[in-house]
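The lines below spell out each chain.
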Amino acid sequence: MRTLIYALQTAMKSIWHEKWINLLTVLSVGIGLLILSSFATVTLNVDSALKRWAKGFGMVVYLDGDLTGKAENELKRLFLQDPDIIGVKYISKEQAVRELRRTLGENASILDELDENPLPSSFELKLKRELLKPDVVKKKAEQISRLKGVEEVQYGEKWLSSLNTLSTILKTGAVFLGCAILVAIVFITYNTIKIFFYRRKDEIETLKLLGATRTFIRLPFLIEGLFIGIAGGLISAVALFGIHSMISFKGADILPAIRALMVAPPMRAYMAIVIAGAAMSLTGSFIAVGRIRY
Amino acid sequence: MIQFSGVSKYYDGDAVLKDISFTIEKGELAYITGPSGVGKTTLLKLIYCAERPDGGQIIVAGWDVGKLKQGTIPFLRRNVGIVFQDFRLLFNKTVFDNIALALRIHDMQPREIKETVNNVLKDIRLKHKEHVFPQHLSGGEQQRIVIARAMVSRPTVLLADEPTGNLDMDTSRNIMSLFREINARGTTVLIATHNNALFHGTGRRVLYLSNTHIEKEAVG
Ligand SMILES: Nc1ncnc2c1ncn2[C@@H]1O[C@H](COP(=O)(O)OP(=O)(O)O)[C@@H](O)[C@H]1O
Ligand SMILES: [Mg+2]
């Protein structure tokens, strides 16, 4: 405990004594974390936008023309029981024609030429959001199209797969960039602490000869590294908050919907930034101090 | 308190110490002497585990020094105060903090540290220099601070390497009386020196080191 207090004092002295190089290190760590957290926020926003769009995703099941009402009801029951399907909407031949008329507008009169309704009745199905992956949807569609009385199943296959690809690219990018930046933070702190360690080499040698334990020798450096990480984390958390607020306020003048659309990084994310900075810097200083041999 | 049995030490294949055996009893004040380069410093380093023996056994205050694990070495050193030939004072710390450091390493309470260091500063008559940095002190004053740092934690053994290195006669006498005081309080003291005048007429045991072995033992 006293060792900890003394190490804190020593670390504080060193932080102040080497304030410029420390400031530089803190800023580097802070900028790294800011880039990382900004990218994560963008990914979060894109992902949530994708999810919102995906909500409207539906699958249309066209039925055989000569299906009886009883058979249609049977199918409906089947769909309602399927846990993967969260919405079932029946569209009768008549409704389909009405909708077509509305779409055609003035040209609707061509429909009058026909003596029989050519449109099939159909079901519009909504799938669970977790299932909105191209291969899963495809399998489901095939499964449904094999049912008796089903003529054809249609859904926006291309659209779904490109949304999915975009989301995957962004997430993969975030992970790679994240790892690269975290490694960079470890390295930046390692470098600074290594410099301090070399500058105090003689002193450390003396401490060893006077009977100082490894903890006694290491602790000030670890505390200093921890300080760098936390300070860098706090700086980037504040900066991220500032940038986010600015975009959502100023951006609202141009695009009023922005505030409803944008997803704010959760409180947990801000904490994660600081913790990540602290953990990486601590790791860096741990490596920098290395093994102490007597 | 210090026991060497058949100890050898080689540097790059050349023997510096070969099959050395001797014992320093608890409470003794003894000298080890010999010409420069004979291996006095090496012998002291073996005692506080800064060098490892290539053969034989060294027991210091009950520790088998040659077999100590890395993690245990600090605990041996806390029992051994060392007056280094090159002082090893920290120039970015005041006189007070240099001495206090030894106690901080021992995990002593701050209040107790203050009291103990102040007492030691009075003992070496340097109380008025407590806030000075060591580089502004004379050689004799620096030497006294090194001694103060070595003894402040009340080690069971005190080692001194050429403690009067390049000091004048008066200052040397002054320093030597400090060692006698420390010894009188029960600490075992071993002083390495090439200067015969230091032990001449003291009536203390002197080990003469010559060409890798202890040539003779006599009373100074
Ligand atoms: N680390 C070392 N590596 C190689 N040779 C050394 C080392 N330390 C001391 N020596 C040699 O060992 C011999 C004894 O040195 P030392 O113990 O310092 O003698 P003294 O203290 O009696 O003057 C000298 O010849 C010195 O050059
Ligand atoms: Mg020597």
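Along every chain, residues carry numbers that run from 1 in the direction the sequence is written. Chain labels run from A onward and ligand labels from 1 onward, assigned in the order the entries are written. Thresholds applied to this predicted model are a pLDDT of at least 70 for local features of residues and 80 or more for the giving and counting of side-chain atom pairs; totals over whole chains, interfaces and linings are not thresholded and use all residues. Just so you know, side-chain values use all the structure's heavy atoms and leave hydrogens and water out.

Draft legend 1. Fine view of the layout of surface pockets. Two kinds of site are reported from a 1 Å grid over the protein atoms alone, namely cavities, where a 1.4 Å probe fits but cannot get out, and pockets, open sets with protein on both sides within 12 Å along at least five of seven lines, and residues are called lining when an atom falls within 4 Å of a point. Grid points are joined across faces, edges and corners, and a volume is the space filled by probe spheres set on the points. As a volume, the largest pocket reaches approximately 500 Å³. Looking at the largest pocket, it is lined by 17 residues, and the ones nearest its centre are Lys13(A), Ser14(A), His17(A), Asn92(B) and Lys93(B). To qualify as a helix, a DSSP run of H or I must reach at least 4 residues; to qualify as a strand, a run of E must reach at least 2; elements of each kind are numbered from the N terminus. Among the elements of the structure, α1 (2-17) and α6 (157-199) of chain A together with α3 (95-105) of chain B are those that each provide at least two residues to the lining of the largest pocket. Considering each element in turn, the lining of the largest pocket owes the most residues, six residues, to α1(A).

Draft legend 2. Highlighting empty space enclosed by the protein. Inspection of every chain in the model, using the stated rule, returns three cavities of 30 Å³ or more. Each pocket or cavity is described by its volume, and for the largest cavity that value is around 90 Å³. Lining the largest cavity are Leu209(A), Leu210(A), Arg77(B), Arg78(B), Val80(B), Gly81(B), Ile82(B), Ala102(B), His106(B), Arg149(B), Ala150(B) and Ser153(B). Top contributing element to the lining of the largest cavity by residue count: strand β6 (residues 80-83) of chain B, with three residues. Taken together, the residues of the lining of the largest cavity break down into six nonpolar, three polar and three charged. For this scheme, ten residues count as nonpolar: Ala, Val, Leu, Ile, Met, Phe, Trp, Tyr, Cys and Pro. Four count as charged, namely Asp, Glu, Lys and Arg, and the remainder, Gly too, count as polar.

Draft legend 3. Expanded view of the site of ligand 1. All names here are of chain B. Whether a residue is near a molecule or strand is decided by its heavy atoms; if any one of them lies within 4 Å of it, the residue is near. Taken together, the neighbourhood of ligand 1 is formed by Tyr11, Val16, Pro35, Ser36, Gly37, Val38, Gly39, Lys40, Thr41 and Thr42. A distance of 2.8 Å separates an oxygen atom of ligand 1 from a polar atom in the backbone of Lys40. Polar contacts here mean pairs of N or O atoms no more than 3.5 Å apart (in protein, one a potential hydrogen donor and the other a potential acceptor; neighbouring residues in sequence count only if both atoms are side-chain atoms). Side-chain polar atom of Thr42 to an oxygen atom of ligand 1: 2.5 Å apart, as the coordinates give it. Its residues assigned to classes, the shell around ligand 1 shows four nonpolar, five polar and one charged.

Draft legend 4. Inspection of the pattern of salt bridges at higher detail. Counted as salt bridges are all cases of a side-chain nitrogen of Lys or Arg within 4 Å of a carboxyl oxygen of Asp or Glu. Taken as a whole, this structure holds 19 salt bridges over all chains when the rule is applied. Its salt-bridge partner being Lys140(A), residue Asp84(A) comes within 3.2 Å of it at the nearest N-O pair. One end of the pair, Asp84(A), is in the loop between α3 (69-81) and β2 (85-91); the other, Lys140(A), is in helix α5 (residues 134-145), with 56 residues separating them in the sequence. Three exposure classes are used, based on accessible area relative to the maximum for each residue type with a 1.4 Å probe and protein chains only: buried under 20%, partly exposed in between, and exposed over 50%. Overall, Asp84(A) belongs to the partly exposed group, its relative accessible area being 23%. Residue Glu217(B) pairs with Arg205(B) through a salt bridge whose shortest N-O separation is 2.6 Å. Placement of Glu217(B) in strand β10 (residues 213-219) and of Arg205(B) in strand β9 (residues 205-210) is noted, with a sequence separation of 12 residues between them. Take Glu217(B): its relative accessible area is 47%, and that puts it in the partly exposed class. Among the charged side chains, a salt-bridge network with shared partners connects Asp82(A), Asp84(A) and Lys140(A).

Draft legend 5. Representation of the nonpolar core within the structure. Within the largest apolar cluster, 65 residues are counted, with the highest numbers of intra-cluster contacts made by Ile2(B), Phe4(B), Ile47(B), Leu159(B) and Leu190(B). Tallying contributions element by element places helix α8 (residues 214-254) of chain A first for this core, with seven residues. For our purposes a nonpolar core is just a set of buried Ala, Val, Leu, Ile, Met, Phe, Trp, Tyr and Cys residues, chained together by side-chain atoms within 4.5 Å. One finds Leu89(B), Ala102(B), Met151(B) and Leu167(B) within the second-largest nonpolar core, a separate group that totals 38 residues.

Draft legend 6. Expanded view of a nonpolar patch on the surface. Residue and element names in this part refer to chain A. Nonpolar side chains (Val, Leu, Ile, Met, Phe, Trp, Tyr) within 5 Å and like charges within 9 Å form the patches, drawn only from residues with over 30% relative accessible area and no salt bridge. Using a 1.4 Å probe, the Shrake-Rupley method yields the accessible areas, and only the shown protein chains count as cover for residues. On the surface, a cluster of nonpolar side chains totalling about 610 Å² of accessible area is made up of Trp20, Leu23, Leu27, Ile31, Ile35 and Ile235. With five residues, helix α2 (residues 19-55) is the largest single contributor of residues to the nonpolar patch. Position of Ile31 relative to the elements: it lies in helix α2.

Draft legend 7. The pairing of strand β1 (residues 58-63) of chain A, seen in detail. Residue and element names in this part refer to chain A. Here β1 shows a buried face lined by Met59, Val61 and Leu63 and an unburied face lined by Gly58, Val60 and Tyr62. Summarising the sheet, β1 and strand β3 (residues 122-127) pair through five bridges and their orientation is antiparallel. In the sheet register, Gly58 faces β3, and the bridge partner there is Lys126. The pairing criterion is simple: DSSP has to find at least two bridges between the two strands. Bridge count for β1 against strand β4 (residues 150-154) is four bridges, and the pairing is antiparallel. Note that in β4 the partner of Val61 across the bridge is Val153.

Draft legend 8. Structural view of the domain arrangement of chain A. Delimitation of the domains relies on an automatic or database domain assignment. For chain A, the assigned domains read domain 1 (2-52 + 162-289) and domain 2 (58-154). Computed over C-alpha atoms only, the centres of domain 1 of chain A and domain 2 of chain A are separated by 53 Å.

Draft legend 9. Inspection of the sheet that holds strand β1 (residues 2-11) of chain B at higher detail. All names here are of chain B. What the four strands build is an open sheet, ordered β2-β1-β4-β5; its pairing is antiparallel. Among the strands making up the open sheet, the edge pair consists of β2 (14-24) and β5 (63-64). Note: strand β4 (residues 55-60) against β5, two bridges, orientation antiparallel. The residue of β5 that forms the bridge with Ile59 is Asp64.

Draft legend 10. Region of the structure containing the domain arrangement of chain B. Residue and element names in this part refer to chain B. For chain B, the domain assignment lists domain 1 (1-79 + 157-220) and domain 2 (89-154). With centres defined by C-alpha atoms, the gap from domain 1 to domain 2 works out at 23 Å. Listed per partner, the contact involves 13 residues of domain 1 and 13 residues of domain 2. Throughout, the accessible surface (probe 1.4 Å) given up by two parts as they are put together, summed over both, is called the buried area. Taken together, the two surfaces of domain 1 and domain 2 that pack against each other cover about 1,200 Å², and 63% of this comes from carbon and sulfur. Interface area lost by domain 1 to domain 2 is led by Arg78, Leu178 and Arg185, which between them contribute 45%. Counting across the domain 1 and domain 2 interface gives one salt bridge. For the salt bridge of Asp123 with Arg185, the shortest nitrogen-to-oxygen distance reads 3.2 Å. There are four residue pairs in polar contact (both at pLDDT 80 or more) connecting domain 1 and domain 2. Among the residues forming the side of domain 1 that touches domain 2, the class breakdown is seven nonpolar, three polar and three charged. Throughout, a residue-residue contact means that at least one pair of heavy atoms, one from each residue, lies within 4.5 Å.

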